[in-house]
Amino acid sequence: MTPFERWILRPRPVPDAPLRLICVPYAGGGPAAYHSWAAELRDGAELWLLRPPGREARLQEPLLHSVDEIVQESAAAIAGHLAEPFAVFGYSVGAWIAFELVRELRDTYGLRAAHLGVAARPAPQTPLHHPAMHTLPDDLFLDVLDRRFRAIPPVIRDSPEMKALYLPILRADTTVLETYRYRPGPPLDCPVSAFGGTEDHDCRREDLMAWGERTTGEFRLRMLPGGHFFLHTRRQELLDALATDLFRCLVP
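Residues numbered from 1 in each chain as written. Predicted model: local features only at pLDDT ≥ 70, side-chain atom pairs only at ≥ 80, totals over all residues. Heavy atoms only, no water.

Asks: So what's going on with unusual backbone geometry? Residues and values would help.
Replies: A cis amide bond links Glu 84 with the next residue in sequence, Pro 85, at an omega value of 0°. Locating Pro 85 in the fold gives a position in the loop between helix 3 (67–78) and strand 4 (86–91). Phi at Arg 42 takes a positive value of approximately 55°, unusual for a residue other than glycine. Tracing the backbone shows Arg 42 in the loop between helix 2 (37–41) and strand 3 (46–50). Despite not being glycine, Glu 56 has its phi angle at roughly 50°, a positive value. (Helix = DSSP H or I, 4+ residues; strand = E, 2+ residues; numbered from the N terminus.)

Here it is in C-alpha cells:
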C-alpha cells in the first residue's frame with residue numbers, strides 16, 4: 001500500500017462529492033467506529049477514515065505514542081491527495097489529533113479546513129483533570145480506564161489473547177492523550193462544532209466551551225444525552241448535527 005492508502009480508508013469513494021470529511025478515531029479504536037457514516041452521508045461528503053498504525057489493517061506496524069508523530073506522518077501522507085474544501089472530525093483524544101492535523105495542513109501544506117468537529121474532549125489548552133495513568137501496571141491501568149470511560153469490554157480482561165492484542169493499543173493511545181501539550185499559535189478561521197455527553201464527567205461543558213477560543217470562526221456547542229461514548233448511543237443525533245454544520249459551511 002502507498003502511504004496514503006495505509007493512513008486513509010475510503011469505505012465509499014465519491015469522487016464528485018462537494019466535501020472530504022476526515023474522521024479521527026478515539027483511543028483504542030480505529031476507522032471501524034465511523035464506517036457506517038458513509039451510507040448516511042451518501043453523496044454529500046466522501047468519508048476519509050484515519051487509520052493509525054498498530055490496529056486493523058496496520059496491526060503489524062509499530063504503534064505511535066504522541067500527537068506530533070500521528071499528525072506529522074498522516075499529514076505528509078494525505079496532503080498531496082487532499083483538495084479544498086475538506087473538514088476534519090475527531091472523537092475523544094482524536095479531537096486533539098484532529099485539531100493539530102488541521103493546524104499542520106494549514107501551516108505546512110497551505111491547506112485550510114472548511115470545518116473542524118470535535119467531541120468528548122476538552123479544548124487543547126485545558127489542563128488535564130486526572131493523574132496520569134499510562135504508566136500504571138496492566139490490571140490497574142485497565143481498572144482506571146474503565147472507571148473513567150466505561151470502555152473496557154469483559155472479553156479484554158478475561159481473554160489473555162485479547163488482552164495481549166488490545167492492551168498495547170490502549171496504553172499507546174493513553175500515552176498520546178496524557179503527553180500532549182498545547183502549543184499556542186494562530187487561531188483557526190473555520191467554524192468549529194463541539195459535542196459533549198451530558199453524563200461524561202471527564203469532559204465538562206465549560207471545557208468544551210473553551211474550544212471557541214481556538215477559532216475566529218463560528219463556534220457551536222451541543223450536549224447530547226449519554227456518557228463518554230455517546231458516539232454509539234446517540235450516533236444518529238451526532239451525525240445529523242455534524243452533517244448540518246458541514247453543509248452549512250459549503251453555502252457561500
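And the narrative resumes.
Asks: Lay out helix 4 (residues 93–109) in plain terms, naming residues and giving numbers.
Replies: Counted at 1.5 Å a residue, the expected span for helix 4 with its 17 residues is 24 Å, and the 23 Å between its end C-alpha atoms agrees. Here helix 4 lies mainly inside the structure; 14 of its 17 residues are buried. Gly 110 lies just past helix 4 and shows a positive phi near 70°. (Expected span 1.5 Å × (residues − 1). Buried < 20%, exposed > 50% of the residue type's maximum accessible area, 1.4 Å probe, protein only.)

Asks: Talk me through the packing of helix 5 (residues 138–149) against helix 7 (residues 160–179); I want residue IDs and the actual numbers.
Replies: One way to put it is that helix 5 packs onto helix 7 with a least axis distance of 11 Å and a crossing angle of 65°. Two packed elements cross with a definite hand, and for helix 5 against helix 7 that hand is left-handed. Every residue of helix 7 that contacts helix 5 at Asp 138, Asp 139, Phe 141, Leu 142, Leu 145 and Arg 148 is listed here: Lys 163, Leu 167, Leu 170, Arg 171, Thr 174 and Glu 178. (Axes fitted to C-alpha atoms, helices over the stretch in contact; angles between N-to-C directions. Left-handed = near helix turned anticlockwise from the far one by under 90°. Contact = heavy atoms within 4.5 Å.)

Asks: Tell me what's going on with the pattern of salt bridges, and back it up with residues and numbers.
Replies: On inspection of all chains with the given rule, the structure shows 21 salt bridges. Between Arg 106 and Asp 107 there is a salt bridge whose closest N-O contact spans 2.6 Å. Classification of Asp 107 by relative accessible area gives exposed; the value is 52%. The closest approach of N and O atoms between Asp 138 and Arg 171, which form a salt bridge, is 2.6 Å. (Salt bridge = Lys/Arg side-chain N within 4 Å of Asp/Glu carboxyl O.)

Asks: Tell me about the pairing of strand 6 (residues 192–197), and name the residues and values.
Replies: Where burial is concerned, most of strand 6 is hidden: six out of the six residues are buried. Taken together, the six bridges between strand 6 and strand 7 (residues 219–224) define a ladder with parallel strand orientation. Among the inter-strand pairings, Val 192 is bridged to a residue of strand 7, identified as Phe 219. (Pairing = 2+ DSSP bridges.)

Asks: Explain the nonpolar core to me, and be specific about the residues and the numbers.
Replies: Membership of the largest hydrophobic core comes to 45 residues, with the highest contact counts inside it found for Ile 22, Phe 86, Val 88, Leu 105, Leu 116 and Trp 211. The element contributing the most residues to this core is helix 4, with nine residues. Contacts of Phe 86, omitting those with residues within four sequence positions, involve Leu 19, Arg 20, Ile 22, Leu 105, Leu 111, Arg 112, Ala 113, Ala 114 and His 115. In this structure, Leu 19, Tyr 26, Ile 152 and Ala 241 belong to the second largest nonpolar core, which totals 38 residues. (Core = buried A, V, L, I, M, F, W, Y, C linked by side-chain atoms within 4.5 Å.)

Asks: Describe in detail helix 5, supporting the description with residues and values.
Replies: Each full turn of the α-helix corresponds to 3.6 residues, which orients residues three or four apart in the same direction. Across its twelve residues, helix 5 extends 16 Å between first and last C-alpha, which sits within 8% of the 16 Å expected from 1.5 Å per residue. Phe 141, Leu 142, Val 144, Leu 145, Arg 148 and Phe 149 are the residues of helix 5 that are buried. Seen along its axis, helix 5 keeps its buried residues to an arc of 165°; they face one direction. One or two positions beyond helix 5, positive phi appears at Arg 150, with a value near 50°. (Arc of directions from axis to C-beta.)

These figures capture arrangement, not role.
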